[in-house]
Amino acid sequence: MRTTTPRRPWRSGTEPATARSDLKLRYLLSLTFTPLFALATAGFAIWAAASPANGAPSRGTLTGFAVACGLLTLFATVDLIVVIRRRRTEL
């Protein structure tokens, strides 16, 4: 029969209990990458629309890149909104 060790209620890592993320860095990164990903989304979408059906990068591949960049744009935008709200309340 295998016995398990009980879980300890205290922290075992070296991270402090009041660790916080660097809001200035997150703000800068989100502010930089939101328009970059938006431009990449538009670029891949236009390229996919203008490419021939049997082109070197297929339409499906270009559409997949456009969708991926669109999701990254959405993620960066949501992070930007969260960081702006947290900076208003914490600073």
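Scroll up for the structure.
Structural notes, computed from the coordinates. The structure presented is a predicted model; accordingly, all values stated were derived computationally and were not measured.

Reading the values: the criteria
Residues numbered from 1 in each chain as written. Predicted model: local features only at pLDDT ≥ 70, side-chain atom pairs only at ≥ 80, totals over all residues. Heavy atoms only, no water. Helix = DSSP H or I, 4+ residues; strand = E, 2+ residues; numbered from the N terminus. Contact = heavy atoms within 4.5 Å. Expected span 1.5 Å × (residues − 1). Axes fitted to C-alpha atoms, helices over the stretch in contact; angles between N-to-C directions. Parallel < 35°, antiparallel > 145°, perpendicular 65-115°, else oblique. Left-handed = near helix turned anticlockwise from the far one by under 90°. Nonpolar A, V, L, I, M, F, W, Y, C, P; charged D, E, K, R; others polar. Buried < 20%, exposed > 50% of the residue type's maximum accessible area, 1.4 Å probe, protein only. Salt bridge = Lys/Arg side-chain N within 4 Å of Asp/Glu carboxyl O.

Section: the side chain of Thr34
1) Next: In this structure, Thr34 sits in helix α1 (residues 23-50).
2) Next: Residue contacts for Thr34: discarding those within four places in its chain leaves Thr73, Ala76 and Thr77.

Digging into α1
1) Next: The terminal C-alpha atoms of α1, which comprises 28 residues, lie 40 Å apart, in line with the 40 Å expected from a rise of 1.5 Å per residue.
2) Next: Tucked inside the fold, the buried residues of α1 contact α2 (59-90).

What to know about the packing of α1 against α2
1) Next: Contact pair α1 / α2: the axes reach a minimum separation of 7 Å and the direction vectors enclose 155°. The pairing of α1 with α2 is recorded here as roughly antiparallel in orientation. Of the two elements, α1 crosses α2, and the hand of that crossing is left-handed.
2) Next: Its residues placed into classes, the contact of α1 with α2 shows 20 nonpolar, seven polar and six charged.

Remarks on the environment of Ile84
1) Next: Within the secondary structure, Ile84 sits in helix α2.
2) Next: Looking at Ile84, the relative accessible area reads 32%, which means it is partly exposed.
3) Next: Expressed as a C-alpha distance, the spacing of Ile84 and Arg26, which sit 58 residues apart in the sequence, is 9.8 Å.

Considering α2
1) Next: The end-to-end C-alpha distance of α2, which contains 32 residues, comes to 46 Å, matching closely the 46 Å that a straight helix rising 1.5 Å per residue would cover.
2) Next: Those residues of α2 not exposed but buried are Leu62, Ala66, Cys69, Thr73, Ala76, Asp79, Leu80 and Val83.

Regarding the pattern of salt bridges
1) Next: Under the criterion given, the structure shown has one salt bridge.
2) Next: For Asp79, the salt bridge goes to Arg26, with nearest N and O atoms at 2.4 Å. Taken together, the positions of Asp79 in helix α2 and Arg26 in helix α1 put the pair 53 residues apart, joining distant regions of the chain.
3) Next: Residue class for Asp79 comes out buried when judged on its relative accessible area of 18%.
4) Next: Owing to a relative accessible area of 23%, Arg26 belongs among the partly exposed residues under this scheme.

Read these as geometric descriptors, not functional statements.
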